[in-house]
Amino acid sequence: MAVPETSVPSTGETAAKAGGWATRPERSNMVALRVICWIALKCGRPIARLVLPPICLYFLLFDPTPRRHIKRYLLRAIGPRAGWADGYRLLHTFASTVLDRVYFLRGRMDLFDVQVSGQAPVEAEAFSGRGAFLLGAHVGSFEAMGACRQHSPDQAALRLAMLMFTDNAQRISAILEAISLPELRPHIIALGRPHAMLELRDWLDTGGLGGMLADRTLPGSEEAAQRSASVVLPFLGQPATFNDGPFRLAAMLRRKVFFMAGIYVGGARYDVRFEPLADFSERVADPAERERRIHAAVQAYVLRLEALCREHPYNWFNFHDFWLEDVH
């Protein structure tokens, strides 16, 4: 059943539950991760991809909680015809992007066919020294966006820092950081750490780009909660909780915001897209108008994410209770 095209502030309890995914420990097995990385580097991508089907089948059969959330999502993105094969395909897409991260971080762009669109306006903000916000989601592969440097006339000028919550994925992050080339390793600004916002401001002021995945409500302190709000918006036919913090930050720092996605389209092919989302570069004195613009930007983001989920349903990797259906 569709919900009205409006948003309402969520309660503090709902926001806390929406951000609860970040406090759950990762399930990654350190030995398995190291073995997969070793196979990827020593045996090559074709052989390494042979390991993916049994891994996907294991999680599909023996991990009931993510399986339940995957089923709920696919029923909304695809419809009632979604079944076990669709769940497997989503897991295989996710596993493929994780494996390909190894090669992207090793600079092996020659293994992939990456198409890039909408890059010019983002480059203009970077080369001008203003910087910009890139807001994505848990869609496809962020590392595939490294191909943008190969398409850029000034590779050194494209510098990206990722704002991310690092505490719940330390194992896989540590392994991938260890195997990556230093020049290809993205700069990380850890959310929830002191001076993170000041670090981001300084980064943008030198023409850097600030990237963030905005499809999850992040936990934070009471002080941080006062600077942002969780709102409930229609998403794939059901109300879902989103946070306007990234947009408030962009408005405060007066930057343009672009939607970003590195979509895996099968085989060794990726489709990297950038789309203008909001322009906060001009100062707005009227608080009501500023709130209206922030609200419009959140709505625009959710609409783009929804369209992307329907176009490429196997590329959205949210394996938790996104719609809070298990909350009683």
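Before reading further, recall that the structure is shown in the block above.
Definitions and limits used
Residues numbered from 1 in each chain as written. Predicted model: local features only at pLDDT ≥ 70, side-chain atom pairs only at ≥ 80, totals over all residues. Heavy atoms only, no water. Salt bridge = Lys/Arg side-chain N within 4 Å of Asp/Glu carboxyl O. Helix = DSSP H or I, 4+ residues; strand = E, 2+ residues; numbered from the N terminus. Buried < 20%, exposed > 50% of the residue type's maximum accessible area, 1.4 Å probe, protein only. Pairing = 2+ DSSP bridges. Core = buried A, V, L, I, M, F, W, Y, C linked by side-chain atoms within 4.5 Å. Contact = heavy atoms within 4.5 Å. Polar contact = N/O pair within 3.5 Å; in protein donor to acceptor, adjacent residues only side chain to side chain. Axes fitted to C-alpha atoms, helices over the stretch in contact; angles between N-to-C directions. Arc of directions from axis to C-beta. Lys, Arg positive; Asp, Glu negative; His and termini not counted.

Re the pattern of salt bridges
In step 1: Under the criterion given, the structure shown has 19 salt bridges.
In step 2: For aspartate 205, the salt bridge goes to arginine 255, with nearest N and O atoms at 2.5 Å. Of this pair, aspartate 205 sits in helix α10 (residues 196-205) while arginine 255 sits in the loop between α12 (245-253) and β9 (256-264), and the two are 50 residues apart along the sequence.
In step 3: Its salt-bridge partner being arginine 292, residue glutamate 289 comes within 2.9 Å of it at the nearest N-O pair. On the criterion of helical spacing, the pair formed by glutamate 289 and arginine 292 is a turn pair, its members being three residues apart in helix α13 (residues 287-311).
In step 4: Residue arginine 292 is classed as partly exposed on the basis of its relative accessible area, which comes to 47%.

Description of the pairing of strand β6 (residues 209-213)
In step 1: Of all five residues making up β6, four are buried, and the element is well covered by its neighbours.
In step 2: Examined bridge by bridge, strand β3 (residues 132-136) and β6 share five bridges and lie parallel to one another. Paired with leucine 134 across the bridge in β6 is glycine 211.
In step 3: Here strand β4 (residues 160-164) runs beside β6; their pairing, made up of four bridges, is parallel. Bridging across to β6, leucine 163 finds its partner in methionine 212.

Overview of the nonpolar core
In step 1: Tyr73, Phe235, Phe242, Tyr301, Leu305 and Trp316 are the most contacted members of the largest nonpolar core, which has 91 residues in total.
In step 2: A per-element tally of this core places α13 first, with nine residues.
In step 3: In this structure phenylalanine 235 touches Ala240, Phe242, Val302, Leu305, Glu306, Cys309, Trp316, Phe322 and Trp323, once residues within four positions along its chain are discounted.

Some details on the side chain of glutamine 119
In step 1: Structurally, glutamine 119 can be placed in the loop between β2 (113-117) and α7 (120-127).
In step 2: The exposure class assigned to glutamine 119 is buried, which follows from its relative accessible area of 10%.
In step 3: Only 2.8 Å separates the side chain of glutamine 119 from the side chain of glutamate 123, close enough to count as a polar contact.

A closer look at the sheet that holds strand β10 (residues 269-279)
In step 1: What the seven strands build is an open sheet, ordered β2-β10-β9-β3-β6-β4-β5; its pairing is mixed. Two strands in the sheet have a free side with no partner beyond their single neighbour: β2 and β5 (187-190). Averaged over all pairs of adjacent strands, the angle between strand axes in this sheet comes to 25 degrees, irrespective of strand direction.
In step 2: The sheet contact formed by β2 and β10 spans five bridges and is parallel. Bridge assignment links valine 114 to a residue of β10, and that residue is tyrosine 270.
In step 3: α7 rests against β3, β6, β9 and β10 of the sheet, and its axis sits at about 130 degrees to β9.

Regarding helix α4 (residues 52-62)
In step 1: Taken together, the buried positions of α4 are Leu52, Cys56 and Leu60. Down the axis of α4, the buried side of the element spans an arc of 60 degrees, and every buried residue falls inside it.
In step 2: Buried-residue contacts for α4 involve α3 (45-49), α5 (64-77) and α6 (84-105).

Concerning the side chain of aspartate 86
In step 1: Of note, aspartate 86 is situated in helix α6.
In step 2: No salt bridge is formed by the buried aspartate 86, whose closest oppositely charged neighbour, arginine 81, lies at an N-O distance of 4.9 Å.
In step 3: A polar side-chain atom of aspartate 86 sits 2.5 Å from a polar atom in the side chain of tyrosine 314.
In step 4: Setting aside residues up to four positions removed in sequence, aspartate 86 forms contacts with Leu74, Ile78, Arg81 and Tyr314.

Details of the environment of alanine 40
In step 1: Here alanine 40 is to be found in helix α2 (residues 30-43).
In step 2: The exposure class assigned to alanine 40 is buried, which follows from its relative accessible area of 1%.
In step 3: Through-space distance from the C-alpha of alanine 40 to that of valine 51 is 9.8 Å; in sequence the pair is 11 residues apart.
In step 4: Leaving out residues up to four positions away in the same chain, alanine 40 has contacts with Arg45, Ala48, Leu99, Val102 and Tyr103.

By themselves, these figures tell us nothing about what the structure is for.
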